[in-house]
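Listed here are the chains, written in short residue letters.
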Amino acid sequence: MLMTHVNFQITRTKRYQDYGSCAELKISVVARNNDILKRLVLEAKREYEKDAEHRVHIFMADTTYGCWRWNGARQKRPMSSIVLEPGVKDMILADCKDFLASEDWYAERGIPFRRGYLLHGVPGSGKTSLIHSLAGELGLDIYVVSLSSKGMSDNTLTTLMGNVPSRCILLLEDLDAAFTRGISRDETSTGAPTTTSSSSSSSSSAKNKDDNDGSTLSLSGLLNSLDGVAAAEGRLLFATTNHIERLDPALSRPGRMDVWVNFKHATKWQAEGIFKCFFPARPSIPAATSAAPPSAASADEKHPADATSSANLAESKRKRAAHSIPLLSEEEISDLARRFADAIPENELSVAALQGYLLRNKTRPRECVDEVAAWVVSEREMREKLKKEKEEREAKEKKEAEEKAKKEKEEAEAKEKEEKAAKEKTEKKESRVKGKRSALREAAKAPAASAPTEDDTPTPSESTSATEGSSSAKESATSAESTSASESENTSGADADTEESVTSEEEPDKAEKAPEPSEPAPDASAAGKEKWVSVKPQQSSADTPATA
């Protein structure tokens, strides 16, 4: 008999990259053929698929590389653990199954093979839990998109949507708070605290830097990626929101969100169902329980390998934990669940709050029911306290904002008043200067207008010489000398008066605007000569009758 000796060499490496971790397993064998390696790989594949049947794989959107990154696998959650209003859970599950089986029906009628579900309501009401349970029931993976993640843009989202598999659940959580700049077409309605104009102007550079580093996704880009030409088909779109009124109508319309489900606070019926899920009842027929262990033991003896492979770690943990929970009869559990539901107020507490209370008392079913009334009172007091603190904080913020706005308004009014006063002062100064300049122009025009009439009037010397020329040369010479002497005296006095009056008018103007050094001083003799010409006709008119 030929014996074959095979040497295996296994090398395991694990590398961490920027977008996740990568594990690599290398197996080398020295043999005549590689059949043993093929059988090993096939066996590993079967084990992986068997384990994958009980798990839901989660994929996250990677905006750096525009691809989907595996984020791990979660244990499937049974639909019995989801307690909703009667008929809601069955309706959603039936609608999902009908959609996945209707691909040909959609194709024949030319309808895009897409389905959207909008889960809206109060926080902690079981929206995400329902999606997880549906993924396990339908055997689908979950692809999660964070619309507000760094680097998310219209092109990145379109690329990610194009790479989504045909049969999966695409999840958009907290759609009302996903956008950094809101989800409405109105840019002013951001859903974030508003800032004043001064603060926005002072920090504009910082905001621009944040916008460049964060998400640049727009509402138009999201709408096109959901049902555009390049949008994927065959996927189930689930979107969750706590404030449906903040969504744009174009985002929540039928065709994008076909089914709307409203999640409210827990009812008494839900409280009773959750209590029964946490505390299972003891089987009513003891014979069946006593006969079960021998059959199970015989099955394990016949197929020990199958029994080992069918059992997993999660089930063994649940079995070990079940021993610490007291098993009560079905009648007692029903009675405790009814008492527990009666103590819970209708539509006041969230499902998450009830689940948290039951988790703290998972091994104390009787004490849990006895203490639930006190817990409800404490929850109400806590909510009132938080509500009061929130109102005080909002009132304080509102008061600070009003004071800041009032201060800014007063500063703006004071600044406007100062600017107005300065403007009025400048206008008055300009009007005064303009009036003085116009007065100077009018004063300069007056002598120029009177000069031609004075030049046309005959001078006293000419009239005197004409009258005396007929009598005698001697008399004319004597009269000319006397007339010239008297006229020189009168002219000198008139010139002095004229210079004084002109100087008194020009002194205020010279005080405001001094003459430029480049302008030469007027000639005194020329000024005197011009003024002599203007005054002389008055003197000649006075002397003419005397001479005649």
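These numbers come from a predicted model, not from an experiment.

Participant: Looking at this model, I keep getting lost on a positive patch on the surface. Mind explaining?
Facilitator: Among the surface-exposed residues, Lys 434, Arg 437, Arg 441 and Lys 445 lie close enough to one another that they form a single positively charged patch. Tracing the backbone through its elements, the reader meets Lys 445 in helix 17 (residues 372-456).

Participant: Hey, could you run me through a negative patch on the surface in this one?
Facilitator: The grouping of Glu 384, Glu 389, Glu 391, Glu 392, Glu 394, Glu 397, Glu 400, Glu 402 and Glu 403 at the surface amounts to a negative patch. In this structure, Glu 394 sits in helix 17. Residue classification places Glu 394 among the partly exposed residues on the basis of a relative accessible area of 42%.

Participant: Would you explain helix 15 (residues 351-360) in this entry?
Facilitator: One turn of an α-helix holds 3.6 residues; hence residues three or four places apart share an orientation. Of all the positions in helix 15, only Val 351, Leu 354, Tyr 357 and Leu 358 are classed as buried. In a view along the axis of helix 15, the buried residues occupy a sector of 125°, so they form one face of it.

Participant: Before we go on, may I ask you to explain empty space enclosed by the protein in this structure?
Facilitator: A water-sized probe rolled over the atoms picks out the places where empty space is left. Tallied over the entire structure, the rule returns one cavity of 30 Å³ or more. By volume, the largest cavity amounts to about 50 Å³. In this structure, the largest cavity is lined by Arg 114, Arg 115, Gly 116, Leu 226, Asp 227, Arg 235, Leu 237, Gly 255, Arg 256 and Asp 258. Of all the elements in the fold, those that place two or more residues in the lining of the largest cavity are strand 5 (115-121) and helix 8 (219-227). In terms of residue class, the lining of the largest cavity is built from two nonpolar, two polar and six charged.

Participant: Looking at this structure, how should I read the side chain of Arg 256?
Facilitator: Among the secondary structure elements, Arg 256 is positioned in the loop between helix 9 (249-252) and strand 9 (259-263). Within the structure, the side chain of Arg 256 is placed 2.5 Å from the backbone oxygen of Ala 250, a separation counted as a polar contact. Residue contacts for Arg 256: discarding those within four places in its chain leaves Gly 116, Leu 223, Asp 227, Leu 237, Ala 250 and Leu 251.

Participant: Can you help me understand the pattern of salt bridges in this one?
Facilitator: Pairs may arise between side chains of opposite charge once their charged atoms sit close together. In total, this model carries 14 salt bridges according to the counting rule given. Residues Arg 114 and Glu 233 are paired through a salt bridge, measuring 3.8 Å at the closest nitrogen-oxygen approach. One end of the pair, Arg 114, is in the loop between helix 3 (103-108) and strand 5; the other, Glu 233, is in the loop between helix 8 and strand 8 (236-241), and 119 residues separate them in sequence. The buried category is assigned to Arg 114, whose relative accessible area is 12%. Using a relative accessible area of 42% as the deciding quantity, one classes Glu 233 as partly exposed. A salt bridge links Arg 338 to Asp 335, with the nearest nitrogen and oxygen atoms 3.7 Å apart. Residue Arg 338 and its partner Asp 335 are located together in helix 14 (residues 330-343), separated by three residues, close to a single helical turn.

Calculation notes
Residues numbered from 1 in each chain as written. Predicted model: local features only at pLDDT ≥ 70, side-chain atom pairs only at ≥ 80, totals over all residues. Heavy atoms only, no water. Patch = residues over 30% accessible without salt bridge, like charges linked within 9 Å, V, L, I, M, F, W, Y side chains within 5 Å. Areas by Shrake-Rupley, 256 points an atom, 1.4 Å probe, with all protein chains shown as cover. Salt bridge = Lys/Arg side-chain N within 4 Å of Asp/Glu carboxyl O. Lys, Arg positive; Asp, Glu negative; His and termini not counted. Charge placed at Lys NZ, Arg CZ, Asp CG, Glu CD. Helix = DSSP H or I, 4+ residues; strand = E, 2+ residues; numbered from the N terminus. Buried < 20%, exposed > 50% of the residue type's maximum accessible area, 1.4 Å probe, protein only. Arc of directions from axis to C-beta. 1 Å grid on protein atoms, 1.4 Å probe; cavity = no way out; pocket = protein on both sides within 12 Å on 5 of 7 lines; lining within 4 Å. Points joined across faces, edges and corners; volume = space filled by probe spheres on them. Nonpolar A, V, L, I, M, F, W, Y, C, P; charged D, E, K, R; others polar. Polar contact = N/O pair within 3.5 Å; in protein donor to acceptor, adjacent residues only side chain to side chain. Contact = heavy atoms within 4.5 Å.

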